[in-house]
Structures are given as structure tokens and as C-alpha cells.
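Single-letter residue listing:
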Amino acid sequence: MTDMSKMEIEKFLTYGTFTAKLATVKKDGSPHVVPIWYVLDDRKDQARKRIGDIVFAIYDSSLEALNIECDNRVSICVDDQTPQFSFVTILGTAKIVRQKYNELLKWNTRIAERYMGKSNAKAYGKRNTTEGVILVRVKHTKIIAEKDIAAWE
């Protein structure tokens, strides 16, 4: 098992169609975990020295949205389930961002392109940009990233 570099973490988080598992804190303090589609906000502003925000969309009435409104601490885990196995766990704070339609459509189309391909991106982006859908940004406070977990050395 080996720690990943910043470049390896960014490459891993943007690779293929890995889904993330989002953990939020319920009112009673217990965890709530759901799979999400996401993208990494990789805007190249100000000679970025940190890994960008994780961005995803959810319904404002979902349990995860309600949890974030009460306690914005989250954990996100993305893992590769093929040997030699790797994962990135992000601990951070989530911020709900209520976007205007066009901005939400832009993000949902970008997310859809990652998971459904370029040819389906517009249709899925539009389908997922409906009443009650909100954008969430997660800024990391800590990242744990390991690769080659099952390596023999």
C-alpha cells in the first residue's frame, strides 16, 4: 500500500465512471451513506495548489440535503474495485448552492457527460435539472488516498 501524490489523487478522482459514496451525519448523530455521481471542479484559477471541490447534485428534500443543512461535515469515498485496489477518502465540509437554471444545467450536463457519455450528456443534464435539484460543493479538510492496497511488497 502506497500513498497517492496530489496528481495521482486528481487523476483517480476524475478517472472513468467511479461513483462516490457520500456520508452525511443524521440528526441523531448516526451516518447516512448514499452513492453519488460527481465531478471535480478543476478550474485552473490562481495557480491552484489544492485539489478542487467535489461537485454533485441532489434533491433539496433528500435526507442527505437535510443532513448537510444541519451539519455540513461529510465524508466521500471513491474506490477502484479491481486489483490492486485503490481508494480516496475525502473529509470535508459541504455547502449547498442554489443555482439558477442555466448554471445548474451546466453542472448537471458536465456530470452526465462523465457517467452517460458525450452523446447523452445534454439529455441527462436537462432531465436532472428540475425543480428541487440543488448543487453541493465539498471542500476537503483532509484526504486519505492509498493505491496498490493488495500489492505483495
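What this report covers is the structure whose coordinates are included nearby.

Quick notes on the rules
Residues numbered from 1 in each chain as written. Predicted model: local features only at pLDDT ≥ 70, side-chain atom pairs only at ≥ 80, totals over all residues. Heavy atoms only, no water. Helix = DSSP H or I, 4+ residues; strand = E, 2+ residues; numbered from the N terminus. Rg over C-alpha atoms; globule rule 2.2 N^0.38 Å. Buried < 20%, exposed > 50% of the residue type's maximum accessible area, 1.4 Å probe, protein only. Contact = heavy atoms within 4.5 Å. Pairing = 2+ DSSP bridges. Polar contact = N/O pair within 3.5 Å; in protein donor to acceptor, adjacent residues only side chain to side chain. Patch = residues over 30% accessible without salt bridge, like charges linked within 9 Å, V, L, I, M, F, W, Y side chains within 5 Å. Areas by Shrake-Rupley, 256 points an atom, 1.4 Å probe, with all protein chains shown as cover. Salt bridge = Lys/Arg side-chain N within 4 Å of Asp/Glu carboxyl O. Core = buried A, V, L, I, M, F, W, Y, C linked by side-chain atoms within 4.5 Å. Arc of directions from axis to C-beta.

Observations regarding the overall build of the chain
Inference 1: The number of helices and strands found in the chain is 4 helices and 8 strands.
Inference 2: Listing every helix and strand of the chain by position from the N terminus yields β-α-β-β-β-β-α-β-β-α-α-β.
Inference 3: Compactness check: the chain gives a C-alpha radius of gyration of 16 Å against a globular reference of 15 Å for 153 residues, within 12% of the reference.
Inference 4: Projected onto the principal axes, the alpha-carbon positions of the chain cover approximately 50 × 45 × 35 Å.
Inference 5: Residues classed as buried in the chain amount to 41% of the 153 residues present.
Inference 6: Residue pairs at least 24 apart in sequence account for 72% of intrachain contacts in the chain once pairs closer than 6 positions are excluded.

Concerning the pairing of strand β6 (residues 73-80)
Inference 1: With burial as the criterion, only one face of β6 is covered, namely that bearing Val 74, Ile 76, Val 78 and Asp 80; the residues Arg 73, Ser 75, Cys 77 and Asp 79 on the opposite face remain uncovered.
Inference 2: Pairing geometry for strand β2 (residues 20-25) and β6, over 5 bridges, is antiparallel. Bridging across to β6, Lys 21 finds its partner in Cys 77.
Inference 3: Once β6 ends, the chain turns through 5 residues before running back antiparallel as strand β7 (residues 86-97), passing Phe 85 with a positive phi of about 65°.

What about the side chain of Thr 129?
Inference 1: Structurally, the position occupied by Thr 129 is in the loop between α4 (118-127) and β8 (133-147).
Inference 2: Of the polar contacts made by the side chain of Thr 129, one reaches the backbone oxygen of Gly 125; its length is 2.6 Å.

Examining the pairing of β8
Inference 1: Of the pairings in the sheet, the one linking strand β1 (residues 2-3) to β8 comprises 2 bridges and is antiparallel in character. Note on β8: the bridge partner recorded for Thr 2 is Lys 147.
Inference 2: In terms of strand pairing, strand β5 (residues 54-59) meets β8 through 6 bridges, oriented antiparallel. Paired with Ile 58 across the strands is Ile 134, a residue of β8.
Inference 3: Pairing between β7 and β8: 11 bridges, direction antiparallel. Bridge pairing links Gly 92 to His 140 in β8.

Description of a nonpolar patch on the surface
Inference 1: Taken together, the side chains of Met 1, Phe 85 and Ile 149 define a hydrophobic patch exposed on the protein surface, amounting to about 270 Å² of accessible area.
Inference 2: Positionally, Met 1 belongs in the segment before β1.

Thoughts on unusual backbone geometry
Inference 1: The step from Pro 83 to Gln 84 runs through a cis peptide bond, and the omega angle for that step is 10°.
Inference 2: Residue position: Gln 84 is located in the loop between β6 and β7.
Inference 3: In this structure, Phe 85 is a non-glycine residue whose phi angle is positive, near 65°.
Inference 4: Take Phe 85: it is sitting in the loop between β6 and β7.
Inference 5: Notably, Asp 148 is not glycine yet its phi reads approximately 55°, a positive angle.
Inference 6: Structurally, the position occupied by Asp 148 is in the segment after β8.

Structural notes on the nonpolar core
Inference 1: Among the nonpolar cores identified, the biggest contains 37 residues, and Leu 13, Tyr 38, Ile 54, Phe 56 and Ile 76 are the most heavily contacted of them.
Inference 2: Of all the elements, β8 adds the most residues to this core, at 6 residues.
Inference 3: Among all residues touching Leu 13, those that are not within four sequence positions of it are Tyr 38, Leu 40, Ile 51, Ile 54, Val 78, Val 88, Ile 90 and Arg 114.

Examining helix α1 (residues 6-13)
Inference 1: By the burial criterion, the buried members of α1 are Ile 9, Glu 10, Phe 12 and Leu 13. Buried residues of α1, seen end-on, are gathered within an arc of 165° and therefore sit on one face of the element. Counted as exposed and oriented over 90 degrees from the buried face of α1: Met 7 and Lys 11.
Inference 2: Looking at the buried side of α1, the elements it contacts are β4 (39-40), β5, β6, β7, α3 (101-116) and β8.

Don't take any of this as a statement about function, it's just geometry.
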